[in-house]
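Survey of secondary and tertiary structure
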Amino acid sequence: YKRVISTKHYICAVGDIPIALVAHMDTVFDIPSEIFYDRDRNVMWSPTGMGADDRTGIFIIMQIIKEGLRPHIIFTTGEEKGCVGSGILAGQKCPFKKLNYIIQLDRRGTNDCVFYDCDNPEFTKYVESFGFSEAIGSFTDITELCPKWKVAGVNLSVGYKDEHTKQERLYVTPMWATFDKVKKMLTEEEIPFFEYKESISAWR
């Protein structure tokens, strides 16, 4: 990457694919003492807490970079403390001249796609066409970034389960499945733009 913006709250790398990939660098655990890998079940865990939320998202993004693809990248800090880094970044002008949509890689499970307060049916249909199913979530970095930058965003499953507990596990097969799906999204011949459209909740 020729242009990288690095602060104590976030890192942004400006790429040549108009999609931003987001993951957060903090976890609720310190560095695990050991990571175990069951080859038969293709699952990983640590008795001291693995922190797959969101080490997995970081790993997938690094693998995509190793493939030679150059999407925009956003790594944040403080997501587990209320999206601190992304909240600060959202207060800045978007660092990317062209940004068609955002993908966060920070969702438990195998094939969820979560849109939070972004209610753009065309975007939902587009993301689901890659093999994901819409689910409900509470918050993550894109809940800060998307409304301010007026661009649609989605959080995708990366294969972990029981996050924030010492029973957390990472299922490797669905992790690689998400990696493959994201690669397809990044290499579409035409990458469409999707506007952020705020949902109108019944309680508002």
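Structure shown above.
Read on for an overview of the structure. (Residues numbered from 1 in each chain as written. Predicted model: local features only at pLDDT ≥ 70, side-chain atom pairs only at ≥ 80, totals over all residues. Heavy atoms only, no water.)

A word on the pattern of salt bridges. Evaluation of the coordinates by the stated rule reveals four salt bridges. Across the pair Glu163 and Arg108 runs a salt bridge whose closest N-O atoms are separated by 3.1 Å. Taken together, the positions of Glu163 in the loop between β11 (160-161) and β12 (169-171) and Arg108 in the loop between β7 (101-107) and β8 (112-114) put the pair 55 residues apart, joining distant regions of the chain. Taking the relative accessible area as the measure of exposure, Glu163 reaches 19% and is therefore buried. With a relative accessible area of 39%, Arg108 lands in the partly exposed category. Among the salt bridges present, the one from Asp162 reaches Arg169, with a minimum N-O distance of 3.1 Å. (Salt bridge = Lys/Arg side-chain N within 4 Å of Asp/Glu carboxyl O. Helix = DSSP H or I, 4+ residues; strand = E, 2+ residues; numbered from the N terminus. Buried < 20%, exposed > 50% of the residue type's maximum accessible area, 1.4 Å probe, protein only.)

Right, let's talk about the sheet that holds β8 for a bit. Strand order in the open sheet formed by eight strands is β1-β2-β6-β3-β7-β10-β8-β9, with mixed pairing between adjacent strands. Lying at the two open borders of the sheet, with one neighbouring strand each, are β1 (3-6) and β9 (133-135). For this sheet, the mean angle separating the axes of adjacent strands, direction not counted, is 25°. As defined by bridge partners, β8 adjoins β9 across three bridges and the pair is classed as parallel. (Pairing = 2+ DSSP bridges. Axes fitted to C-alpha atoms, helices over the stretch in contact; angles between N-to-C directions.)

In the segment running from Asp53 into Asp54, the intervening peptide bond is cis, with an omega of 15°. Considering the arrangement of structural elements, one finds Asp54 in helix α1 (residues 52-66). The backbone phi angle of Asn42 is positive, close to 55°, even though this residue is not glycine. For Asn42, the position within the fold is in the loop between β4 (36-38) and β5 (43-45).

The antiparallel open sheet is built from four strands, whose spatial order is β4-β5-β12-β11. Every interior strand has two partners, whereas the edge strands, β4 and β11, have only one. In terms of strand pairing, β11 meets β12 through two bridges, oriented antiparallel. Bridging from a neighbouring strand, Lys161 pairs with Arg169 of β12.

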